[in-house]
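What follows is each chain in one-letter form.
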Amino acid sequence: MKKIQISPSILSADFSQLGKEIKRLEEAGADFIHVDVMDGHFVPNLTIGPPVIKALKKNCSIKFDVHLMISPVHEFIEAYAEAGADIITIHPEATEDLSASILKIKKLKKKVGVSLNPETKVNVIKDYLSQIDLVLIMSVNPGFGGQKFMPKVLDKVKELKDIQKNHNLNFDIEIDGGINFENSKLVIEAGANILVSGTTIFKSNNGNIKKNIDLLKSS
Ligand code: DX5
Ligand code: ZN
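What you see is a predicted model; the values in this text were computed from it and never measured.

**Student:** Mind showing me how you'd approach the coordination of the zinc ion (ligand 2) here?
**Tutor:** Under perfect tetrahedral coordination by four donors, a metal shows angles of 109.5 degrees; under perfect octahedral coordination by six donors, it shows angles of 90 or 180 degrees. Distances from the zinc ion (ligand 2) to its protein donors, namely His34 (NE2), Asp36 (OD), His67 (ND1) and Asp176 (OD), fall within the range 2.0 to 2.3 Å. Here the zinc ion (ligand 2) is ringed by six donor atoms whose angles at the metal span 68 to 166 degrees, and the overall shape comes out octahedral. In terms of primary sequence, the donors binding the zinc ion (ligand 2) are separated according to H-x1-D-x30-H-x108-D. Of the two residues, His34 and Asp36, neither departs from the other in class, the shared state being buried.

This is the structure we're talking about:
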């Protein structure tokens, strides 16, 4: 079994102190920094883009797990790679040619992630799984932090786990949205090995992020 890793979403961080917040997460034992990039078009919210990511990445060594909720995504992949993304995750609905976008990320020597919205079926990416490093299962509709976890997506996590076993594949299964101390055990049992969390990490236990990361990791 893969070890459980935590990718805190800086969407719930103090945006006036982002550099410090990332340092704090790094020291608290985060495995990645989850960066939610939103364009106000693919999702109804706007966040940050490549210049901010580049500035943040300069001062730390932790890997950036960049979740692109932008459409069309293809022409922007290079900018995020140059800004310092280590994992670049895209949504199949946001590109005209998923295969070409996967190839582009690979050519830039970045890890490839593909994300499935709650309503998107595993079938959509089945043929690409051998080329993908990570599948990001959305357990809320993308766009905002602080939403309620949708348990129905656990079936997709299990389905992916089965495909992985049957075909001897090695992609990571990451889950994103509404993760808390009640459902973390369930998602790990279903087969997820990377947990994204914003609200739980930044707001639970009076914002004790080390405690919250440790609690999620040991679920
Ligand atoms: C939603 C984002 C998530 C979200 C996680 O569109 O992809 O990363 O911010 O935040 P919580 O843990 O608050 O659901
Ligand atoms: Zn995300």
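**Student:** Whenever I open this one, the site of ligand 1 confuses me. Can you help?
**Tutor:** Residues in contact with ligand 1 amount to 20 residues; listed here are only the nearest, Asp36, Gly143, Gly146, Asp176 and Thr199. Asp176 places a polar side-chain atom, nitrogen or oxygen, 2.7 Å from an oxygen atom of ligand 1. Here an oxygen atom of ligand 1 sits 2.4 Å away from a polar atom, N or O, in the side chain of Thr199. Contact with the protein chains hides 100% of the accessible area of ligand 1, taken as 380 Å² for the molecule alone. More than half of the atoms belonging to ligand 1 lie within 2 Å of the grid points that define the largest pocket. Of all the secondary structure elements, the ones that give two or more residues to the shell around ligand 1 are strand 2 (32-38), strand 3 (63-69) and strand 8 (194-197). Ranked by residues supplied to the shell around ligand 1, first place goes to strand 2 with three residues.

**Student:** Help me out: how do you make sense of the pattern of salt bridges in this one?
**Tutor:** Opposite charge on two side chains makes pairing possible when the charged atoms of those side chains draw close. Per the counting criterion, the structure on display carries seven salt bridges. For the salt bridge of Glu189 with Lys185, the shortest nitrogen-to-oxygen distance reads 3.2 Å. Of this pair, Glu189 and Lys185 both sit in helix 7 (residues 184-190), four residues apart, roughly one helical turn. For Glu189, a relative accessible area of 56% puts it in the exposed group. With a relative accessible area of 48%, Lys185 lands in the partly exposed category.

**Student:** Even after reading the chapter, I still don't get the pairing of strand 8, so can you show me in this structure?
**Tutor:** Along any regular strand the residues' side chains alternate between the sheet's two faces. Taking every second residue as pointing to the same face, both faces of strand 8 are buried, with Ile194 and Val196 on one and Leu195 and Ser197 on the other. For the segment spanning strand 7 (residues 172-176), helix 7 and strand 8, crossover handedness is right-handed.

**Student:** What should I look at first to understand the sheet that holds strand 5 (residues 111-116) in this one?
**Tutor:** In sheet architecture, strand pairing relies on hydrogen bonds along the backbone and comes in two forms, parallel and antiparallel. Ordered in space as 1-8-7-6-5-4-3-2, the eight strands form an open sheet in which the pairing is parallel. Sheet topology places strand 1 (5-8) and strand 2 at the edges, where each strand pairs with a single neighbour. Averaged over all pairs of adjacent strands, the angle between strand axes in this sheet comes to 25 degrees, irrespective of strand direction. As paired strands, strand 1 and strand 8 are joined by four bridges and run parallel to one another. Bridging from a neighbouring strand, Ser7 pairs with Val196 of strand 8. Contacts from helix 4 (residues 98-107) reach strand 4 (87-90) and strand 5, with the element oriented near 145 degrees to strand 5.

**Student:** What's the story with helix 2 (residues 50-58) in this structure? I'm lost.
**Tutor:** Since the α-helix advances by 3.6 residues per turn, residues separated by three or four positions end up pointing in the same direction. Those residues of helix 2 lying buried are Ile53, Leu56 and Lys57. Projected down its long axis, helix 2 shows its buried positions confined to an angular sector of 100 degrees, all on one face. Within helix 2, the exposed residues directed more than 90 degrees away from the buried face are Pro51, Lys54 and Lys58. Against the buried residues of helix 2 lie helix 1 (18-27), strand 2, strand 3 and helix 3 (77-83).

Cut-offs used in this document
- Residues numbered from 1 in each chain as written.
- Chains lettered and ligands numbered in written order.
- Predicted model: local features only at pLDDT ≥ 70, side-chain atom pairs only at ≥ 80, totals over all residues.
- Heavy atoms only, no water.
- Donors = N, O, S within 2.8 Å, 3.2 Å for Na, K, Ca; no water.
- Tetrahedral: all angles 85-135°; square planar, octahedral: opposite > 155°, others 65-115°.
- Buried < 20%, exposed > 50% of the residue type's maximum accessible area, 1.4 Å probe, protein only.
- Near = heavy atom within 4 Å.
- Polar contact = N/O pair within 3.5 Å; in protein donor to acceptor, adjacent residues only side chain to side chain.
- Areas by Shrake-Rupley, 256 points an atom, 1.4 Å probe, with all protein chains shown as cover.
- 1 Å grid on protein atoms, 1.4 Å probe; cavity = no way out; pocket = protein on both sides within 12 Å on 5 of 7 lines; lining within 4 Å.
- Sits in = over half its atoms within 2 Å of the grid points.
- Helix = DSSP H or I, 4+ residues; strand = E, 2+ residues; numbered from the N terminus.
- Salt bridge = Lys/Arg side-chain N within 4 Å of Asp/Glu carboxyl O.
- Right-handed = clockwise from strand over helix to strand, strands pointing away.
- Pairing = 2+ DSSP bridges.
- Axes fitted to C-alpha atoms, helices over the stretch in contact; angles between N-to-C directions.
- Contact = heavy atoms within 4.5 Å.
- Arc of directions from axis to C-beta.

None of this, on its own, says anything about what the molecule does.
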